[in-house]
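Here are the chains, one letter per residue:
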Amino acid sequence: MPHRLLVAIGWLAAIYAALVLQTTLVPQVSLTAAVAAWAVSRSPIGVWWAAGAGVACDAAGHDRLGLHLATYAILGALATAVFPPAMRRTGSARAVIAVLIAGGDEAARSGLATMLGRTPGTLQQTMASAVESAVMTASVVMAFVCVIWTFQRLLSSAGSGRPIVLANRWNMLTE
Amino acid sequence: MRTLLLSPWIVAFGACLAGLLLWHAPEGLTQCIHAMTTDALFPGYEVVGAVEQTARDWCSLRTDSKVAELQARLDRAEDDLHTATERVQRLSAQLASLRSTPQDPWTSVNSAFESERLLVPALIEAAVLGEATSQAWREGRFLDRGWKHGVRESAVVLQGRGPLVDLGAAAGIAPEDALLVGRTIVGKVAAVGRWTSIILPVTDPAYRGRAQLVRESEGGPVWGASGLLRGDGNGRCRLEGVPVEDAVRVGDLVFSGDRDGALSAALAYGRVVEAGAAPGDREWTLVVEPAADPNALTHVHVLRAALNPSRVWTD
């Protein structure tokens, strides 16, 4: 139980940090979609966390509530159905899920805004913004995957806490 | 129940229903949720801002320290260059003097009777007063009480317009005394008051001084043509009266033409930076750049000839 509580706190913290960074530093990158993709890739229950990220995204925005919640949950369920559990945990699958959630969410948001006449735009502009968001989010996810992979390789053996072993392993990785 | 919770499509369906409900939520509730979320995110914004500011400070600190280090190195290099330039000038003048001195067969005999010089150069350090300070001094703001009782500066200083140094007749300063920085002449004393003196920089159009060129030859530096140096009012000087028949090159050193046995070497004015003569001209048009900028000085030395005390007492 404490383990699940820690995991829940971790996901909440990740969603919070993603919202803060997304609204202050890089609005083009949908970091909440990246967190949702990561959660979905870990287990089927990750769809709940994807929905939670959608709720947070709704609350932090300026539009009506509910749109991000629905799109994150639907796209998360779709990714769960498309990718088998063994394949879902790979880095490339995480990037693809991030592309799916970020691009789909952005397409739904801008398409709905255009349909409701809130922002002038064409289908081409909607697609362009969706692709931009999807690509940038996927690159962030891939960068994070690379960092995690490097640290896992560095710390994967016993006694790896010693600096000399870490240095040797770093040399092996980079040679 | 657990199976239902783990089914992604059930979760997605529930999320769609919840989203539909939230979409039709009252405007007031929506705004309230937005405001609460913004408030909740505020600490995160503060942390990001602090981290950003720290990173920016760190970067600027590194840049500032690097600039300061480079500036210090530049200052040291400029000092070294100045010292080396002065040394070259001094050695060139000494070498030129040695070349022009006739070989005296009696030197070895007379050297037994060599005595110390009667007059020795004395350098008195003086501070150059700033424009505001000079103005205040001339208006009597420093001596307002004594000013009314006759304790006042000489009229020649008060009515003059040139820059001031903080030494006057009370310190033994006399008109025409040379002003030096190192071994470079930067001007002369134009008028002397009781406590202050007006100075005339070499770049002032009113400045006149005898000068002589030192040029490089195959056998080393030799004394060249003489002329009259005067300021051009634009931070440089002109050397006049040098016939076109005399050899002159850009880069030739310019020294004072007044020879004084009390000084170990001639004093420098600067260097020729432009040399030209139009067809039909009888004289060179020479522009001389002073070795030291007289307008940027805060301290100068006033050159005076003083009696050698050891010589006075021995005689």
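It should be emphasised that the depicted structure is a prediction, and the values quoted were computed from it without experimental measurement.

Rules behind the numbers
Residues numbered from 1 in each chain as written. Chains lettered and ligands numbered in written order. Predicted model: local features only at pLDDT ≥ 70, side-chain atom pairs only at ≥ 80, totals over all residues. Heavy atoms only, no water. Helix = DSSP H or I, 4+ residues; strand = E, 2+ residues; numbered from the N terminus. Buried < 20%, exposed > 50% of the residue type's maximum accessible area, 1.4 Å probe, protein only. Contact = heavy atoms within 4.5 Å. Areas by Shrake-Rupley, 256 points an atom, 1.4 Å probe, with all protein chains shown as cover. 1 Å grid on protein atoms, 1.4 Å probe; cavity = no way out; pocket = protein on both sides within 12 Å on 5 of 7 lines; lining within 4 Å. Points joined across faces, edges and corners; volume = space filled by probe spheres on them. Nonpolar A, V, L, I, M, F, W, Y, C, P; charged D, E, K, R; others polar. Salt bridge = Lys/Arg side-chain N within 4 Å of Asp/Glu carboxyl O. Phe/Tyr/Trp six-rings, centres within 6.5 Å; stacked < 30°, edge-to-face > 60°. Buried area = accessible area lost by both parts, 1.4 Å probe. Polar contact = N/O pair within 3.5 Å; in protein donor to acceptor, adjacent residues only side chain to side chain. Core = buried A, V, L, I, M, F, W, Y, C linked by side-chain atoms within 4.5 Å. pLDDT = per-residue confidence, 0-100.

## Some remarks on the overall build of chain A
In terms of helices and strands, chain A carries eight helices and zero strands. Order of helices (α) and strands (β) in chain A, N terminus to C terminus: α-α-α-α-α-α-α-α. Taking all 175 residues of chain A together, 42% fall into the buried category. For chain A, the share of sequence-separated contacts (at least 6 apart) that also reach a separation of at least 24 residues comes to 58%. Accessible surface computed for chain A: about 9,400 Å², of which carbon and sulfur atoms make up 71%.

## Regarding the layout of surface pockets
Residue and element names in this part refer to chain A. As a volume, the largest pocket reaches approximately 810 Å³. Around the largest pocket sit 37 residues that line it, and Gln-22, Asp-63, His-68, Glu-106 and Arg-109 are the ones nearest its centre. Those elements giving two or more residues to the lining of the largest pocket turn out to be α1 (2-24), α3 (46-60), α4 (67-82), α6 (91-115) and α7 (123-154). Per-element accounting of the lining of the largest pocket gives the leading share, eight residues, to α6. When its residues are assigned to classes, the lining of the largest pocket shows 13 nonpolar, 16 polar and eight charged.

## Topic: the side chain of Thr32(A)
Here Thr32(A) lies in helix α2 (residues 31-42). Setting aside residues no more than four positions away along its own chain, Thr32(A) makes contact with Ala18(A), Leu19(A), Gln22(A), Ala53(A), Cys57(A) and Tyr72(A).

## Points about the pattern of salt bridges
All names here are of chain B. The final tally for this structure, using the stated rule, is seven salt bridges over all chains. The partner of Lys-188 in a salt bridge is Glu-176, and the shortest N-O contact between them spans 3.2 Å. Pair noted here: Lys-188 is in strand β4 (residues 184-192) and Glu-176 is in the loop between β2 (164-165) and β3 (178-181), with a separation of 12 residues, a long-range link. Among the ionic pairs, Glu-240 bridges to Arg-230, the shortest N-O distance being 2.5 Å. Of the two residues, Glu-240 sits in strand β8 (residues 237-240) while Arg-230 sits in strand β7 (residues 220-231), which places them 10 residues apart along the sequence. Residue Glu-240 is classed as partly exposed on the basis of its relative accessible area, which comes to 29%. In the salt-bridge network here, residues are joined through shared partners; they are Arg-236, Glu-274 and Glu-289.

## Looking at the packing of aromatic side chains
All names here are of chain A. Enumeration according to the criterion identifies three aromatic pairs over all chains in this entry. Seen from their ring centres, Trp-38 and Phe-144 are 5.3 Å apart, and the 75 degrees between their planes marks the pair as edge-to-face. Linking Trp-38 in helix α2 with Phe-144 in helix α7, this pair joins segments that are 106 residues apart in sequence. Overall, Trp-38 belongs to the buried group, its relative accessible area being 14%.

## Some points on the interface of chain B and chain A
Facing the 25 residues of chain B at the interface are 32 residues of chain A. Where chain B abuts chain A, roughly 2,400 Å² becomes buried across the two surfaces, and 77% of that area is made up of carbon and sulfur atoms. Summed over the shared surface of chain B and chain A, the number is zero salt bridges. Taken together, the links from chain B to chain A amount to seven residue pairs in polar contact (both at pLDDT 80 or more). Taken together, the elements giving at least two residues each to the side of chain B that touches chain A come down to α1 (2-6), α2 (8-23) and α3 (27-100) of chain B.

## Structural notes on empty space enclosed by the protein
Residue and element names in this part refer to chain B. Within this structure, the stated rule accounts for one cavity of 30 Å³ or more. Of the pockets and cavities examined, the largest cavity occupies roughly 50 Å³. Around the largest cavity, the lining residues are Val-128, Leu-179, Val-186, Ile-199, Pro-201, Pro-294, Leu-297 and Val-300. For the lining of the largest cavity, a count of residues per class yields eight nonpolar, no polar and no charged.

## Focus: the nonpolar core
With 33 residues, the main nonpolar core has Ala36(A), Tyr72(A), Ile97(A), Ile101(A) and Val141(A) as its most contacted residues. Considering each element in turn, this core owes the most residues, nine residues, to α2(A). Those residues within four positions of Ile97(A) in sequence are excluded, and the remaining contacts are Ala37(A), Val40(A), Ser41(A), Ala79(A), Phe83(A) and Arg88(A). Grouped together as the second largest cluster of nonpolar side chains are 22 residues, Tyr207(B), Val254(B), Leu286(B) and Leu303(B) included.

## Focus on the confidence of the model for chain B
Residues and elements named next belong to chain B. Put simply, chain B has an average pLDDT of 81, and 83% of its residues get 70 or more. The element-level mean pLDDT for chain B is lowest in helix α4 (residues 107-110), coming to 45, with β8 highest at 91. Counting interchain partners and residues more than four positions distant, the pLDDT-below-50 stretch residues 102-112 has one contact.

## Overview of the environment of Ser197(B)
Residues and elements named next belong to chain B. Structurally, Ser-197 can be placed in strand β5 (residues 197-201). C-alpha of Ser-197 to C-alpha of Ile-173: the two residues are 24 residues apart in sequence and 7.9 Å apart in space. Not counting residues up to four positions away in its chain, the partners in contact with Ser-197 are Pro-163, Leu-164, Val-165, Leu-167, Gly-168, Ile-173, Val-189, Ala-191 and Val-192. Reaching out from Ser-197, the side chain makes a polar contact with the backbone oxygen of Leu-167 at a distance of 2.6 Å.

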